[in-house]
Structures are given as structure tokens and as C-alpha cells.
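Read off the chains here:
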Amino acid sequence: MVSIRRSVSAFVAVAIGVTLVAAATLLLASGRPQAPDRLARAAVVVQSPEAGASADSFVPTRPWSATATAGLVGRLAALPGVAAAVPDRTFYAQPLIDGRPAASDTHEGHGWSSAQLGGLRLAAGEPPRRPGEVVVGRALGLHTGAPVTLLTAVGAESYTVTGLVDGPGIHVADEVAATLAPGVRAIGLVLTADADTERVATAARGIVGTDGRVLTGDARGALEPRNDARTRWIGMQVLTATAALAGFVTVFVVASTFAFTIAQRRRELGLLRAVGATGRQVRRMVYVEALVVGASGGIVGLLVGGGLAPPLGWLLVDAGFEPSTFRVTYEPWPVALSLVAGPVISLLAVWSASRRAARVRPLEALREAAVEQRPIGRLRVATGALLVAVGVALSVGTATADEARVGGQYALYAVMALVAGATVLSPAVVGPVVRLLRSPVRRRGGAIGMLVRGGALTATRRTASTAAPVLLTVAFAVLVSGMVRTTTAAYAAGRADNVNAGWIVLPDQAPGLSDQAVAATGGTALLPTTVFRTDPGTAPADRPLTALGVDPAGFAAANRALTVVAGSLDDLRGDDTVVVTASANLRPSEPYAVVFADGTLVSLRVVAVVTDASLPGDLLVPRAVVRTHDPSALTSTVYVRDRIAPPVGARIVDVTTWAAEADAAEDRLVWLFTLLLIGVSAGYGAIAVANTLLLAAAGRAADLRLIRMAGATRRQVVWLVTAESALVVLIGALLGGAVAFVGLLSIRAGLAEQVGAPVDLVVPWSVVAGVVGLCLLLAALASVLPTWRSLRHRPAWSSVGVAG
């Protein structure tokens, strides 16, 4: 028979778990890519070929050249039902307002023809027809005929506002856009009123062939800005990890709760066996209880999670985990998954407890002693040892991982396995830990210390079940926060050590620095661009690479990590030379063909080979080559010896600050993600500790009254349960800290291998103190309050049932 009092803790855990799963999956289902507003009126869009890259690289597609674009536009415009075929050219353009770059969401400029793809119409003035004319959005506060300075990749240029539109963006004459963005990655088709979209798309595919993709409807989401795509991908990782962690922790907590409940019901189960119930019937009864708890908790969790999804979506957008276009929608599959999750989680969690319940003998009904007679079984020992072995193996994988992301994933899985293994084996560990603490407890605790120690030693299973949530909470909190802090510090230190400069000039409220700003600094600049590798005799370019336009002498002087293994960096000059890394498997004088941002295929000649760790990119080319083929490329970094007054759109920082800020935006998201994971695990752990101790206090009411009648005061009994709670939290914190420490040591070893230098282990003591303090506070409250309430009146001997 289902006991509401005993099942409430499991119900709460399941409901919270399903709430997180429901909210996370609803947000995941809502995170579909969105077509940009500037292409909303283009029912059919032809996109340039995808580059062969991983899903998390977010590189642009390989562009068409000016010649290829003209040919495609002409053939597509001639299709029946096509009113216009418009190449969408995108380049960097940012207005200067009061001498400072305008803080707007977009820094993109387009040709005026692209305005019709988004349905933009002039609200005032005329379209731009000549160089030096521009149409801007009304939000800038400018009027027609007013002068405006635009920052472009070359520098600040003067324009005249000829028109205003209601939407965002900068629009110049089409011939100007063709100069600033010769490479094209999308051609929008505006259809006539009676055109059939799918028929036009089919005809367009016949024209494009393998040299692009034809997109319609929701598939146009592939055209969303790369920054939005990256933000959406980060949000997907956050939500997936949250749902997975919620499921894991829920199974863990519910299993611990059911195990504790079964231990308290041994006499009741023994009575059932005594009156004829078989082990299978007892197991079925436990499964039915779990199914009822899981189904009811799942329904409540689904309703709460569905209600929380919209405000959580807003928070994700504000935090930077989702783009501003994100909207919550309700899909069928998250609802179905959430309804199934509750019962499945409960049945998985109760499996071990049901086996233990089925093994209760009829004679258990006659026992009143709290001493546990049976040690943990061989199967449990073998399972725990296997989980620990898996955790150790994954820790070794963490220490030898080539990438920080892979190492972090291994570390998380390793801690999951070690936490599960430590929990399974914890009854065997409780005794040695308590004996280790015997001397200090005996010296300071007196009779209360003796009772605390004796209770923990004679009820190791109960102690282990209560300590399990603390173990989980501390392990994950320490591992995740320590991993983030250690990784951030290691990469910042390695980045700073590789730079031989006094100061770094960086963009300020702009995506990059113009040539004009770079010239004003007099330093060594990095001008990055994306190129696409073409191997001789193969299909068109399909591998994106980061090429850095540099002055070879200045770059060699500023880069301490530079190691040339073949050739000479001094030969990097002219318009057909390149420096590659050793992983390219090329030698000096060999050809190296790439497609640049303007869509042109250029055969370069390798003049030097450097080690892979020498470059913050994939290859080096002369700076003039990048500017020739990518008119909108922006400088990311300038190294200078002495502090200078930064030009417009720039700021200057020391090397240490630059190293710490290099991944500041990403580090901020990672730390927010870390706090989210800690919040999930710590919240669960706190709830589980409170629920378990509430159950323990209710089950021990008779024992505590006996202690009271033996002469203890109510205050002494309260101190007893408080000390027991503190001991349980201490045991869980020690085991959890040990598990996390193993993971952090493996992470440090992996980072040291990656950066090639010793790495300091950063232990987040503030997080440790906060998590342990929260568990200790809730454990004390959950023990003291019911105990104080049950001992309000001194009981008589007759009120305590003692079996002979």
C-alpha cells in the first residue's frame, strides 16, 4: 500500500526532475534556426556550397566569385515565376555617432537591391545611386541629406544619407556593395504572386546543381547569422546537459530515497512475508508504488515545466544562451517524453530497492534492533568496483585528451561513474571514516559523541543513504567549478606567455579594427580571414581554414611560440606565398590552392612550415593578399611595444588583461553554465538531504523518546540529532571531494599536456564552502525541527512500545 508520508520525498524529487526535463526539452524543441528578417520576403534562397566543417565551427559557406554569381543570377532570373534574383552582399559597415562607433546589434552593410528581399521600403528620401550615398534605419536618429561617417574595413569614410527605412541595416549603391563584398553566399529569389514555390525551387536546383543549395520554408534557417547559430548551439548544449544531469540526479536521488524507505519498512515487509507474500509479490508492490509516484510526479513536473518554459526562454536570451529571435513553442514530443520520464525514472531508481525488499525474511517482523546484520552483497561490491574502474579509466582519458572540450566531457562522465561507484560502496566506507573520526569525537563529544559514533557504525546503510545526496552535490559542484577555473587560468597563462609585446590594441564597440586604425598604432597586426582548401585533382574547396594576414618580421618578433621547421618566414612576400603548419604535410615550394572570400581560386606556394602550436590560426599569408581578396576583413589584434593613445574604435590593454579577456565572452557563458549545473545538483542534493533526514527523524521518534526517558534532556537529544546530521554531511562531503579531486587532477594533467607547461590546480573553496554549508544547514533543520516537535512532552514508559 502506498504511504503518502514515505513517498512524498520521492514524489518531490521526481516532480522537480521532470520539471527540468520538460522545460529543457520544450526549449530545445523551440531552438530551431530562424531565417534572417532581411531575407523574409525571398520565398526561395540559393545558398553557396557548405564547407566541410564540424557542427560547432560556424564558418561561412564557400562564396561564389563575381563571375559565377553573375552567371547564376542571370539564369535564375530567367526562371518562370521569378520576379527578381538578387545577390545578397554583406560587408562590414558601422556608423560613427558623436565620434564613437554606434552601439547597434548589427554591423552589416548591404546593397540596396537586398532591401527587397526583406520587404524594406523607403520611409523617407531616395535610394542610394552613387558612391558616397547611403540609406540607414530611422533608429539612428539621422535625417535625409545629413552627413554620416561609416567605419569600413579600410577606415572612416564620409557618406550622405539619401533615405531612411524602418528596419535596421546600412544600404549602399549596388556597385559599391560589389566592391566591398565581391564574394556572394546567397541569392534571394523574389517570386511573382502566382508562382509555385516548390516548382521554382526544383527548377533552381537544376540550375545550381552541386554548386549550392536551394532553400525554402523553414530550411532557410540555415542562413541565420553565424553568431546567432553559435549562440543557439551553445544554448542547445546547455539545455541538453541540464536535461541529462536532471535525469541522472533524479534517478540517483529517488533511488537513495527508496533505499532508505525500504530500510525503514523492513518490519512491515517481514510481516507481509510472514502472512504468505512471496518475494515476487513484494517486488511488484514496490514497483507499483514507484509507478504511482513517478506518474503523478511526472504530470506535476510537466505542468510546472511547461509553465516555466517561456520565462526561462527570456532568461536564456538575456544571458546570451539564445539569440534575440528565440521564441518558445510547444511541440508534442517534449510533452510525450516528459510524461514517460516520470514513471521510467522511478522504475529505474527503485530496481535495487525492490530486490532488497524481496529478500526480507519473515523473521524480520520480530526484530526491533537497529543493528544491521548483513554486510553489502558481492554483486553490489562487484558493481561498485566496476563503476570505480570505469571512472578511473575515463579519468585517464581526461588526462590524455588532445582537446579541452573532450577532456571536460570525459571528466564529467568520470565523475558520474565515480559518484555512482562511491555511492554503491559507501556502506563499506562509512565504518572506516567514522573510526577515523573516533578520537576527536570521543575527546569533545562525550556521551553524545559516543551515541553518534555508535549509531553510524550500527546503521551504515542508513548513514550511507543519507550521505549519498551530499556526495553527489559536492562532487559535481567542486568538479564543474574547479574545471572551469583551472581551464580558464591555464589558457590565459599560456596565451600571455606566447606573446612578446608590452601592450595589445583591441577593438572597442566594433567587431574589428580598420586599416586606418592599424596604421595609427604602428604595431604588428593580425588580419584574419576564412579561406577554403582545395587539393589538386579533387572536388571544389570543402575545408575551411583561418588564414592570418601578417607582416612576417613583426609577427616573428611578437610570437614567442613560433617555431620554423622548414623554409624561411622571410620568403613570405608577394601575392602567391603561404606558410603552413606541420599538420598540412607539405614541404617548401609545394603548391597550396585555396579559395578566398571573394570566391577566387588562388594557387599559393609554400615558403615555410611551422609547428602546429606556432600559429593562432591555420596558415600565414602576406597582409596585402588578405586585403586584396577580402575587402571587409577586420584586424583582430595589434601588438605594440609601448602604450599609445588608441585610435577611434580601439582600446589598449596590457598583455595579462588581453590574455584574460581573449575568451571573456565565452568564459562568461561557461561560468553561467557552471552555476546552472551547480544549481541543479546542489538544489537536488539539498532537497534529498532534507527529505531523507525528515524520513529518518520520523522513523526514529520512538528511539529518541527512549533516550529522553533514560535521562537526556530535550536539548541534549536535539544536539544528538544535530551531530548525527553534521557527521552525515561530513562523510558525504569527504567522499564527494575525493571523487571531484580525482577528476580535477586528471583535468590538470590534460591541460598541462595541451599547453606544454605546468598548470596550477584551482580549487573553488568558496563553492565548496557554500555547497557544504547549504547541505549542513538543511540537514540540521530537517533533523532538529521534527525532533523538537516530537519531544515537546516528556513521554511515559507506557507510551513507548518495546518488543520483548
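Everything here concerns the structure above.
How each quantity is defined
Residues numbered from 1 in each chain as written. Predicted model: local features only at pLDDT ≥ 70, side-chain atom pairs only at ≥ 80, totals over all residues. Heavy atoms only, no water. Helix = DSSP H or I, 4+ residues; strand = E, 2+ residues; numbered from the N terminus. Buried < 20%, exposed > 50% of the residue type's maximum accessible area, 1.4 Å probe, protein only. Contact = heavy atoms within 4.5 Å. Salt bridge = Lys/Arg side-chain N within 4 Å of Asp/Glu carboxyl O. Pairing = 2+ DSSP bridges. Axes fitted to C-alpha atoms, helices over the stretch in contact; angles between N-to-C directions. Phe/Tyr/Trp six-rings, centres within 6.5 Å; stacked < 30°, edge-to-face > 60°. Lys NZ or Arg CZ within 6 Å of the ring centre and 35° of its normal. Left-handed = near helix turned anticlockwise from the far one by under 90°. Nonpolar A, V, L, I, M, F, W, Y, C, P; charged D, E, K, R; others polar. Expected span 1.5 Å × (residues − 1). Arc of directions from axis to C-beta. Polar contact = N/O pair within 3.5 Å; in protein donor to acceptor, adjacent residues only side chain to side chain.

> So, the overall build of the protein chain: which residues are in play, and what are the values?
For the protein chain, the count of helices and strands is 20 helices and 23 strands. When burial is assessed residue by residue, the protein chain has 49% of its 804 residues classed as buried. Once local pairs closer than 6 in sequence are excluded, the contacts in the protein chain between residues at least 24 apart make up 81%.

> Could you give an account of the pattern of salt bridges, with specific residues and numbers?
Summed over the entire model, instances satisfying the criterion amount to 13 salt bridges. A salt bridge links Arg138 to Asp166; the nearest nitrogen and oxygen atoms lie 3.5 Å apart. Here Arg138 is found in the loop between β8 (133-137) and β9 (147-151), whereas its partner Asp166 is found in the loop between β10 (156-165) and β11 (170-172), with 28 residues between them in sequence. For Asp166, a relative accessible area of 60% corresponds to the exposed category. Among the salt bridges present, the one from Arg587 reaches Glu590, with a minimum N-O distance of 3.6 Å. What emerges from the salt-bridge pattern is a single network uniting Arg38, Asp88 and Glu108.

> Could you give an account of the sheet that holds strand β1 (residues 44-47), naming the residues involved and the relevant values?
The strand order β2-β12-β1-β13 describes an open sheet built from four strands, whose pairing is antiparallel. If you trace the sheet from one side to the other, it starts and ends with β2 (82-87) and β13 (213-216), each paired once. Mean inter-strand twist for the sheet, computed between neighbouring axes without regard to direction, equals 20°. Helix α2 (residues 66-77) contacts β1, β2 and β12 (186-191) of the sheet and is inclined by roughly 170° relative to β2. Across the sheet, helix α4 (residues 197-208) is in contact with β1, β2, β12 and β13; its angle to β13 comes to roughly 170°.

> A description of the environment of Phe91 should follow, citing residues and the corresponding values.
Within the fold, Phe91 resides in strand β3 (residues 90-92). With a relative accessible area of 4%, Phe91 lands in the buried category. It is 8.3 Å that separates the C-alpha atoms of Phe91 and His107, two residues lying 16 residues apart in sequence. Sequence-distant contacts of Phe91, that is, excluding residues within four places in its chain, are made with His107, Glu108, Gly109, His110, Gly111, Val172, Ala177, Leu180, Ala181 and Ser632.

> Could you give an account of the side chain of Thr637, naming the residues involved and the relevant values?
Among the secondary structure elements, Thr637 is positioned in strand β22 (residues 637-640). In this structure Thr637 touches Ile504, Val505, Leu506, Thr524, Ala525, Leu526 and Trp658, once residues within four positions along its chain are discounted.

> Summarise the packing of aromatic side chains; cite the residues concerned and give the values.
Applying the stated criterion to the full structure yields one aromatic pair. Taking the centre distance of 6.4 Å and the plane angle of 90° together, the rings of Tyr639 and Trp658 count as edge-to-face. In this pair, Tyr639 is assigned in strand β22 and Trp658 in helix α16 (residues 655-661), connecting sequence segments 19 residues apart. The burial state of Tyr639 is the same as that of Trp658; both residues are buried. Over the ring of Tyr592 we find Arg533; its NZ or CZ atom is 4.0 Å from the centre of that ring.

> Quick rundown of the environment of Ile262? Include the residues and the values.
Inspection of the secondary structure puts Ile262 in helix α5 (residues 226-264). Put simply, Ile262 and Ser354 are 92 residues apart on the chain and 8.1 Å apart in space, counted from C-alpha to C-alpha.

> Which residues make up the side chain of His171, and what values do they have?
Inspection of the secondary structure assignment puts His171 in strand β11. A relative accessible area of 3% places His171 in the buried class. Setting aside its immediate chain neighbours within four residues, His171 contacts His110, Gly111, Trp112, Ala115, Leu120, Pro128, Glu133, Val134 and Val135.

> Summarise unusual backbone geometry; cite the residues concerned and give the values.
In this structure, Gln509 is a non-glycine residue whose phi angle is positive, near 60°. In this fold, Gln509 is placed in the loop between β14 (503-507) and α13 (515-521). Phi is positive for Ser589, close to 85°, though the residue is something other than glycine. Mapped onto the elements, Ser589 comes out in the loop between β18 (577-581) and β19 (591-595). For Ser589, a relative accessible area of 57% gives the class exposed.

> Can you lay out the packing of α2 against α4 for me, pointing to particular residues and giving the numbers?
Where α2 meets α4, the closest approach of the two axes is 10 Å, and the angle between their N-to-C directions is 145°. Of the two possible hands of crossing, α2 and α4 adopt the one that is right-handed. Where α2 approaches α4, its residues Leu72, Arg75 and Leu76 are matched on the opposing element by Ala204, Ile207 and Val208. Tallied by class, the residues present in the contact of α2 with α4 amount to five nonpolar, no polar and one charged.

> Which residues make up α4, and what values do they have?
Along an α-helix, residues three or four positions apart point the same way, because every turn accommodates 3.6 residues. Between its first and last C-alpha atoms α4 spans 16 Å; for 12 residues at 1.5 Å apiece the expected length is 16 Å, and the two agree. Turning to α4, its buried residues are Val200, Ala201, Ala204 and Val208. Burial along α4 is one-sided: seen end-on, the buried residues are contained in an arc of 100°. Opposite the packed face of α4, turned more than 90 degrees from it, sit the exposed residues Arg199, Thr202 and Gly206. The secondary structure elements touched by the buried residues of α4 are β1, α2, β2, β12 and β13. The N-cap residue of α4 is Asp196: its side-chain oxygen and the backbone nitrogen of Glu198 are 3.0 Å apart.

> I'd like a rundown of α2, residues and numbers included.
With 12 residues, α2 extends 16 Å between its outermost C-alpha atoms, agreeing within 8% with the 16 Å of an ideal straight helix rising 1.5 Å per residue. By the burial criterion, the buried members of α2 are Thr69, Leu72, Val73 and Leu76. Around the axis of α2, the buried residues are gathered within 100° of arc, so they sit on the same side. Residues of α2 that are exposed and angled more than 90 degrees away from the buried face: Thr67 and Ala70. Contacts made by the buried residues of α2 are with β1, β2, β12 and α4.

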